[in-house]
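In case you want the letters, here they are:
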Amino acid sequence: MTPAPLIETRNLSFRYGSRTILHELNLSVPAASIYGFLGPNGAGKSTTLRILLGLLATPAGTVRLFGHDLNQHRLPILSQVGALIEMPSLYDHLSGHDNVEATRRLRGLAAARTAAVLEVVGLSADAHRPVREYSLGMRQRLGLALALLPDPQLLILDEPTNGLDPQGIREMRELLLRLQQEHDKTILLSSHLISEIERVATHVGVIQQGRLVFQGSVSALQQRQGTQVLIDTDDAETCRNLLPLDLGTASVLSAGTLALPYQSREQMAYLAQQLIGAGQPVYALRCQQASLEQTFLHLTENALA
């Protein structure tokens, strides 16, 4: 029997005035997963997360977390949820430890939680330093420590790597994987960095113009695109124009690289023969599984068509 999803929405819709933001959204986030929530700017990601956190009312449809209706059991449900939405609000003049301690006391949580969450996010050694001396990555991890104080089952994170340098992105990535694998957290993660989602997510939802255009495992998403033939040459557009019947529908990945669906070994040999016959050099001809970024772009572009 398939376990019930930790987050489930049914026909979730939302409007700002006359503008419809979400159209009958049916999310299903499995327990113990890292669910990457992807979509272009304005697709409805942040609105969805705010509804899940009870920050926006649910005018149409239902939202269930942990098997319970959010509207009917709001406080007990949200007590099991930690969130980091945009930049965390911190007291720059206080130390990292005192920032966490102030929130812990306010929420009436066990004293041991302050040291515990600082250890989880890797800030124990810097806990005495004032937050004004923290890097952006350290501030984001401190914000995550605040979200972890009540030891929630579910984390909802909106762009947690936004603005971070490569070191900060790697630290956040490793932290999210530890939280899922070692601390049994379910993580709903919204991000524009598709390559990072590909590295950490077990499941993906792709939203475009308020509609869910894909939901499932990362491998299932990649298989939608299947295997591609990549052709490296001098000028991709010239090759498409010279061979419109063979390459007219190919995607231009860069100035000198074309991509099209793989069919057979004979197809690859034929393409090489046609290109060389047309006087175009072929530097490489290879098969490759479509990346999550390519599949994402394909889905969102088709949704706009």
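Rules used throughout
- Throughout, residues of each chain are indexed from 1 in the direction in which the sequence is written.
- In keeping with the predicted nature of the model, local features appear solely for residues at pLDDT of at least 70, side-chain atom pairs appear and are counted solely at 80 or more, and the whole-chain, interface and lining totals rest on all residues.
- Remark: hydrogens and water are excluded; side-chain values derive from all non-hydrogen atoms of the structure.
- Under the scheme used here, helices are H or I runs from DSSP no shorter than 4 residues and strands are E runs no shorter than 2 residues, and both carry numbers assigned from the N terminus.
- The length a helix should cover is 1.5 Å for every residue beyond the first.
- In this analysis, two residues are considered to be in contact whenever any of their non-hydrogen atoms come within 4.5 Å of each other.
- Exposure categories follow from relative accessible area, calculated using a 1.4 Å probe and restricted to protein chains: below 20% of the type maximum is buried, above 50% is exposed, and the middle band is partly exposed.
- Any two strands with at least two DSSP-identified bridges between them are counted as paired.
- The pairing test for Phe, Tyr and Trp rings, Trp by its six-membered ring, is centres within 6.5 Å, and the orientation test on the planes gives stacked under 30 degrees, edge-to-face over 60, and tilted for anything in between.
- Fitted lines through C-alpha atoms serve as axes, helices being fitted only where they are in contact, and the angles separating the N-to-C directions of these axes extend from 0 to 180 degrees.

1. Quick word on helix α11 (residues 265-277)
Then, in step 1: In this model α11 runs 18 Å from its N-terminal to its C-terminal C-alpha over 13 residues, within 8% of the 18 Å that 1.5 Å per residue would give.
Then, in step 2: In this structure, the buried side of α11 is in contact with β12 (227-232), α9 (236-242), α10 (244-247), β14 (257-261) and β15 (284-289).
Then, in step 3: Trailing α11 by a residue or two, Gly279 shows a phi angle of about 80 degrees, which is positive.

2. Some details on the pairing of β12
Then, in step 1: The buried count for β12 comes to five of six residues, which makes it a mostly enclosed element.
Then, in step 2: One ladder, built from six bridges, connects β12 with β15; its direction is antiparallel. Bridge pairing in β15 places Thr227 opposite Gln289.
Then, in step 3: Two strands pair when backbone bridges link them, and β12 and β14 are joined in this way by five bridges, in the antiparallel orientation. Note that in β14 the partner of Val229 across the bridge is Leu260.

3. Brief notes about the pairing of strand β11 (residues 211-217)
Then, in step 1: Judged from the six bridges that link them, strand β10 (residues 203-208) and β11 form a sheet pairing that is antiparallel. Counted as the bridge partner of Val204 is Gly216 from β11.
Then, in step 2: Taking the residues between adjacent antiparallel strands as the criterion, β10 and β11 are bridged by two residues, where Gln209 takes a positive phi near 50 degrees.

4. So, the packing of aromatic side chains
The way to describe two aromatic rings as a pair is by their centre distance and the angle between their planes.
Then, in step 1: Considering all chains together, one arrives at one aromatic pair under this definition.
Then, in step 2: Centroid distance Phe14 to Tyr16: 5.0 Å. Interplanar angle 85 degrees. Geometry classified as edge-to-face.
Then, in step 3: We classify Phe14 as buried; its relative accessible area is 8%.
Then, in step 4: Residue classification places Tyr16 among the partly exposed positions, given a relative accessible area of 44%.

5. Some details on the sheet that holds β14
Across a sheet, paired strands are connected by hydrogen bonds in the backbone, their directions being either parallel or antiparallel.
Then, in step 1: Judged by pairing direction, the sheet is antiparallel, and its four strands sit side by side in the order β13-β14-β12-β15 without closing on themselves. One side of each edge strand has no neighbouring strand; the edge strands of this open sheet are β13 (251-254) and β15. Sheet twist, expressed as the average angle between the axes of neighbouring strands with direction ignored, equals 30 degrees.
Then, in step 2: Bridging between β13 and β14 involves three bridges; their strand directions are antiparallel. Along β14, the bridge assignment pairs Ser251 with Ala259.
Then, in step 3: Sitting on the sheet, α11 touches β12, β14 and β15, and the angle it makes with β12 is about 20 degrees.

6. A short note on the sheet that holds β11
Then, in step 1: Spatially, β7-β8-β9-β4-β10-β11 is the arrangement adopted by the six strands of the open sheet, whose pairing is mixed. The two strands at the open ends of the sheet, each matched to only one other strand, are β7 (81-85) and β11. Each strand axis lies, on average, 15 degrees off the axis of its neighbour in the sheet, ignoring direction.
Then, in step 2: One ladder, built from five bridges, connects β7 with strand β8 (residues 154-158); its direction is parallel. The partner of Val81 across the bridge, within β8, is Leu154.
Then, in step 3: Where helix α1 (residues 45-52) meets the sheet, it contacts β4 (34-38), β7, β8, β9 (186-190) and β10, and its direction lies at approximately 150 degrees from that of β8.
Then, in step 4: In this fold helix α5 (residues 136-148) packs onto β7 and β8, with an angle of close to 155 degrees to the strand it touches most, β7.

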